[in-house]
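Tertiary structure, described
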Amino acid sequence: MEPLERYRPIIDDFDAFLEACERPLGNAARVNTIKASVERTVAVLEEEGLAYEQADWNPRVLRLETGSPGSTWTSFHGFTHGQEEVSAVPPVVLDPQPGERVWDSCAAPGGKATQLAALMGDEGTVVANDNNLGRISALRFNAERLGATSLAVTNADARNYSLNRFDFDEFDRALVDAPCTCEGTIRKNPDTLDNWSEGAIASVSGVQKGILRRAIQATREGGTVVYSTCTFAPEENEAVVQHAVEEEDCRVVDFDIDLEYAPGLTEWDGEEFDSSLERAARIYPHQNDTGGFFVAKLEVTA
Amino acid sequence: MADESTGDLERNDGQRFDRLPATPAEQTVEGRVSREEVVDYFRDRFSMPPETFDDYTFWEKGAGKIWIYGGEAPTPLEIEAIGMTCLRTRQEHWKPTTDFVQRFGGHATDCVIELDREEARAFATGEDREIERWEGDWGYLIGAHEIAGELEPLGIGLYVHGELRSMVPKGRQRDL
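Reading guide: rules and limits
- Think of each chain on its own: its residues are numbered from 1, step by step along the sequence as written.
- Here the convention is simple: chains get letters from A, ligands get numbers from 1, in the order in which they are written.
- Totals for whole chains, interfaces and linings use every residue, but because this is a predicted model, local features are given only for residues with pLDDT of at least 70 and side-chain atom pairs only at 80 or more, for both listing and counting.
- Water and hydrogen atoms were dropped before computing side-chain values, which therefore reflect all heavy atoms in the structure.
- Throughout this description, buried means an accessible area under 20% of the type-specific maximum (1.4 Å probe, protein chains only), exposed means over 50%, and partly exposed covers the range between.
- Strands here are runs of E lasting at least two residues and helices are runs of H or I lasting at least four, both read from the DSSP assignment and numbered beginning at the N terminus.
- Two strands make a pair as long as DSSP finds a minimum of two bridges between them.
- Each domain span listed reflects an automatic or database assignment of domains.
- By definition, the buried area sums, over both parts, the 1.4 Å-probe accessible area that each loses when the two are put together.
- Each reported salt bridge corresponds to a side-chain nitrogen of Lys or Arg within 4 Å of a carboxyl oxygen of Asp or Glu.
- For this analysis, a polar contact is any N or O atom pair within 3.5 Å, provided that within protein one partner can donate a hydrogen and the other can accept it, and provided that sequence-adjacent residues contribute only side-chain to side-chain pairs.
- Classification convention: Asp, Glu, Lys, Arg as charged; Ala, Val, Leu, Ile, Met, Phe, Trp, Tyr, Cys, Pro as nonpolar; all other residues, Gly among them, as polar.
- Whether two residues touch is decided by their heavy atoms; if any such pair falls within 4.5 Å, the residues are in contact.

Brief notes about the pairing of strand 1 (residues 27-31) of chain A
Residue and element names in this part refer to chain A.
- Counting buried residues in strand 1 gives 4 out of 5 residues, a clear majority hidden from the surface.
- In terms of strand pairing, strand 1 meets strand 3 (residues 58-64) through 4 bridges, oriented antiparallel. The partner of N27 across the bridge, within strand 3, is L64.

In C-alpha cells form, the structure reads like this:
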C-alpha cells in the first residue's frame, strides 16, 4: 500500500480508504439485457437460490453472494457477465443510443463494449478495438457469449486508428477506458502495486494522451467522449484530460451518476488544471465499497 | 447451380469478411451460400420466421463459417470479427453454433428438444445422453430447458440413434 501514500493529501478519510483497499472485493455481475431483462435474470437467480443485491445506482448491476459466479445458469445463458461494479460506470456515463456509431478504443476483454451494445439495444455499430491480439480472443468470446450482434472487432493501435476500413468517417461517441497502472483494482488483485513506479505512470500517461486525442478527432462535433481509468494517479487522469482540452476541440462536461465520488482535481504536484476538471469523478473504494475509478466526460466542439 | 458453373467463380478468401449474395443467382464465389439459403435453412429446419433476420446481414469469413451482424460495414472487410458466428456450411449437414442458438433459438418452434434440469445440466457440461422420447427429425437440434417459467435455448446438440450429443464447445461448457 506504500505507493498510495502519495494520495494522502487529496483523499478524504485516508485511513478508511487504506482499510477499504485491504478488504477483498465481492463478486459483481452485470445483467446482459441483450439476452434477458433484469426481471427475468433476477427470477432465474431466485430459482437457483442465489442471493444477490441490486446496486442502488444501477439495477442492472448485481452483487452476487457466490464463490463461483461462472457456474450459474444465468452465466451459462449469458444473462449475466462478471464485471466489477465501478467498471459498469463509464458506459453509463457515455450514454450511447440505439443506432449510433460508437468506438471502444481499448475494448478487451469486452465487458464495457458489450455493455455499450446492450445500452444501445444491440442496434447500431460498436467498434470494439484492442491493440493486443491475445486479448482479442477473450473479447470475441465474450461478445459471442453475450450475443452482441452490433459489435465489430478490430486489432489496431488506438493512437493512430484509421476509419478507412468502414463506410463512415466519424463516430457519435467514443470510450477511452485507457490502459493504466490499475491502482484501483488492488482489492481484486492484491499484487497490483508490486511493480508500481513513477516511471511506469509517466510512460503510460503518454499512451493515454495519444489514445484520448485520437478518440476526440474520430468523434463528430457535438459527440461525446468518455475517458476512464481504474487508477488514482492524477498524471494518468486529470493531466491526460487537461492535455486533451489544450490540444483538441473539446470541453469537460457534467454528468449525473448516483454514486458517492470526489470531484476531479484542479492541481497536483505543482501543476494546475482547468477548473472544469472538477466535473470529473474520482471514485474511491471506501465510498461505495467498490474498486477505484476515474471518469471524465467530454463534449467534442468545433 | 454452383456445382455446374464453377468455371468463372472466384475462390473464397478465408482471411476477410465478404457479405453473402442475396440469392444463389448472385453468387460470385465458389461454394459460398446466399442469404436466401441461410434464412431458408433456419425456416425449414427450425421454423424460425424469416423476418427474424430482416435487420441483420450475413457474412462469410473462413471456409463455410457464416457470421450474423447487425452493424454497418462495407464488403469486403478485413477485421477480426463482426457480430457472431452463426452457421457452418460447406459440409454435408449445416451446423448452427451454440452462441447463435442461445441468442436466436427462442424464435424456433421445430427441432427444439426440451430437456429436464438434470439433462440440461449434462448438456451444459458437454455430456451425451440417451434420450428415447424424441420422435422428430434426427440431426442438429436446439437443446432447451424451462427456467424461471420460460423455455430457454441451451445450445446445439446432435441427435442420432436415440442419443443427444452435446455440441456445446469446450470453452462454453459449465459445471452447474
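Here we look at the domain arrangement of chain A
All names here are of chain A.
- Its domain assignment divides chain A into domain 1 (2-24 + 85-300) and domain 2 (26-83).
- A separation of 24 Å is found between the C-alpha centroids of domain 1 and domain 2.
- Both faces considered, domain 1 and domain 2 share a buried interface measuring about 1,700 Å² in area, 51% of it formed by carbon and sulfur atoms.
- At the junction of domain 1 and domain 2, the tally comes to 1 salt bridge.
- In this structure, the salt-bridge partner of E85 is R63, at a minimum N-O distance of 2.6 Å.
- Put simply, domain 1 and domain 2 have 13 residue pairs in polar contact (both at pLDDT 80 or more) between them.
- If you tally residues by element for the side of domain 1 that touches domain 2, the top one is helix 5 (residues 111-119), at 7 residues.
- Across the side of domain 1 that touches domain 2, the residue classes break down as 11 nonpolar, 8 polar and 7 charged.

Topic: the interface of chain A and chain B
- In this assembly, 37 residues from chain A lie in contact with 40 residues from chain B.
- Summed over both partners, the interface of chain A with chain B buries about 3,200 Å², with 54% contributed by carbon and sulfur atoms.
- Considering only the surface of chain A that becomes buried against chain B, A:W73, A:F76 and A:E144 emerge as the three largest contributors, covering 25% of it.
- The interface formed by chain A and chain B includes 5 salt bridges.
- The partner of B:E72 in a salt bridge is A:R101, and the shortest N-O contact between them spans 2.8 Å.
- In terms of residue count, helix 6 (residues 133-145) of chain A provides more of the side of chain A that touches chain B than any other element does, 6 residues in total.
- Across the side of chain A that touches chain B, the residue classes tally to 15 nonpolar, 12 polar and 10 charged.

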